[in-house]
Amino acid sequence: MTESDATQNDRHRVRMQRKKAQVDAAIARADQKKGLLLVLTGHGKGKSTSAFGSVARALGHGLNVGVCQFIKARTDTGEEAFFSQHPHCEWHVLGDGFTWDTQDRQADIDTSKRGWAVAERMLSDPGYDLVVLDELTYLLSLNYLDADRVLDALSQRPRDQHAIVTGRSAIAPLRALADTVSEIKEVKHAFHAGIQAQMGLDY
């Protein structure tokens, strides 16, 4: 080892010691434990995929999970095929399809309200450790649901229950209520190059 290498190693060690002290202090300050509300929004790919990763994590720990998929109508996705068979996962597809396919605003509103009744039941039941509300943001930004009612249900859910909301254009009050908000940005997407959605990756 050269003297230059030794100097770099020494400097690295000092930096990492400082970093470890900062991380340890932050961990020590994090003394609260409660159910969290996560919002995964933005125009990039991966919001629902991230939420379903959390579903897998929760089930791996033996927790009970409820999934409500709004807007979407397809029932042939890999995630539904896999998770709906799990005894600790209750899965509901609650949409009629994307708005450009349905082309019926009132029907979309009626479907959204029926779906929300399922979600509201889960959010009031402490038996669910995690509730995923996939694509819920659209129902709020399009005014299909009363935002105050949705926010009240999210804020009044059981103390230890986690909830994850996905979808583009999350409204400001939802962002404010959330404990964690992730904005997923699109940098590049294969679809814009004419590539079809791929089984096992996109659905």
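Relevant structure appears above.
Keep in mind that what you see is a predicted model, and the values were worked out from it rather than measured.

Caption draft 1: Molecular detail of the state of the cysteines. Applying the stated criterion across every chain, the model contains zero disulfides. In this structure Cys-68 is a free cysteine whose sulfur lies 10 Å from that of Cys-89, the closest cysteine sulfur available. Given the relative accessible area of 0%, Cys-68 is considered buried.

Caption draft 2: Geometry of the pattern of salt bridges. Evaluation of the coordinates by the stated rule reveals ten salt bridges. One salt bridge in this structure joins Arg-13 and Asp-10, with 2.9 Å as the shortest N-O distance. In this pair, Arg-13 and Asp-10 are both assigned in helix H1 (residues 3–29), three residues apart and thus about one turn of the helix distant. We classify Arg-13 as partly exposed; its relative accessible area is 45%.

Caption draft 3: Fine view of the packing of aromatic side chains. A complete count under the given rule lists three aromatic pairs for this structure. Considering the side-chain rings of Phe-52 and Trp-91, the 5.3 Å spacing of their centres and the 40 degrees angle between planes classify their relative orientation as tilted. One end of the pair, Phe-52, is in helix H2 (residues 47–60); the other, Trp-91, is in strand E3 (residues 89–93), and 39 residues separate them in sequence. Considered together, Phe-52 and Trp-91 belong to a single accessibility category, that of buried residues. Measuring from ring centre to ring centre gives 5.2 Å for Phe-82 and Phe-83, while their planes differ by 75 degrees; the resulting arrangement is edge-to-face. For Phe-82, a relative accessible area of 58% translates into the label exposed.

Caption draft 4: Structural view of unusual backbone geometry. Unusually for a residue other than glycine, Glu-135 sits at a positive phi of about 70 degrees. Positive phi, normally seen in glycine, also occurs at Asn-143, with a value near 60 degrees. Mapped onto the elements, Asn-143 comes out in the loop between helix H6 (136–141) and helix H7 (147–155). Judged by relative accessible area, Asn-143 falls into the exposed class, the value being 57%.

Caption draft 5: Representation of the pairing of strand E5 (residues 162–166). Within E5, four of the five residues are buried, leaving the element largely enclosed by the surrounding structure. The pairing of strand E1 (residues 37–41) with E5 spans four bridges and is classified as parallel. Across the sheet, residue Leu-38 finds its bridge partner in E5, namely Ile-164. Across four bridges, the pairing between strand E4 (residues 130–134) and E5 is parallel. When the bridges of E5 are listed, Leu-133 appears paired with Val-165.

Caption draft 6: Inspection of the nonpolar core at higher detail. Of all hydrophobic cores here, the largest spans 30 residues; its most connected members are Phe-70, Trp-116, Leu-133, Leu-136, Leu-154 and Leu-174. For this core, the secondary-structure elements that each account for two or more residues are E1, helix H5 (105–123), E4, H6, H7 and E5. For this core, the element with the highest residue contribution is H5, accounting for six residues. Other than its neighbours up to four places away in sequence, Leu-154 contacts Leu-37, Leu-123, Leu-133, Ala-163, Val-165, Leu-174 and Leu-177. By size, the runner-up hydrophobic cluster in this structure holds 14 residues, among which are Ala-51, Val-55, Val-65 and Leu-130.

Caption draft 7: Layout of the environment of Thr-102. For Thr-102, the location among the structural elements is in helix H4 (residues 99–102). Along the primary structure Thr-102 and Thr-137 are separated by 35 residues, whereas in three dimensions their C-alpha atoms are 18 Å apart. With near-sequence residues (within four places) excluded, Thr-102 lies in contact with Asp-96, Gly-97 and Asp-108. At a separation of 2.8 Å, a polar atom in the side chain of Thr-102 contacts the side chain of Asp-108.

Criteria and cut-off values
- Residues numbered from 1 in each chain as written.
- Predicted model: local features only at pLDDT ≥ 70, side-chain atom pairs only at ≥ 80, totals over all residues.
- Heavy atoms only, no water.
- Disulfide = S-S within 2.5 Å.
- Buried < 20%, exposed > 50% of the residue type's maximum accessible area, 1.4 Å probe, protein only.
- Salt bridge = Lys/Arg side-chain N within 4 Å of Asp/Glu carboxyl O.
- Helix = DSSP H or I, 4+ residues; strand = E, 2+ residues; numbered from the N terminus.
- Phe/Tyr/Trp six-rings, centres within 6.5 Å; stacked < 30°, edge-to-face > 60°.
- Pairing = 2+ DSSP bridges.
- Core = buried A, V, L, I, M, F, W, Y, C linked by side-chain atoms within 4.5 Å.
- Contact = heavy atoms within 4.5 Å.
- Polar contact = N/O pair within 3.5 Å; in protein donor to acceptor, adjacent residues only side chain to side chain.

Limitation: the analysis is restricted to geometry and does not speak to function.
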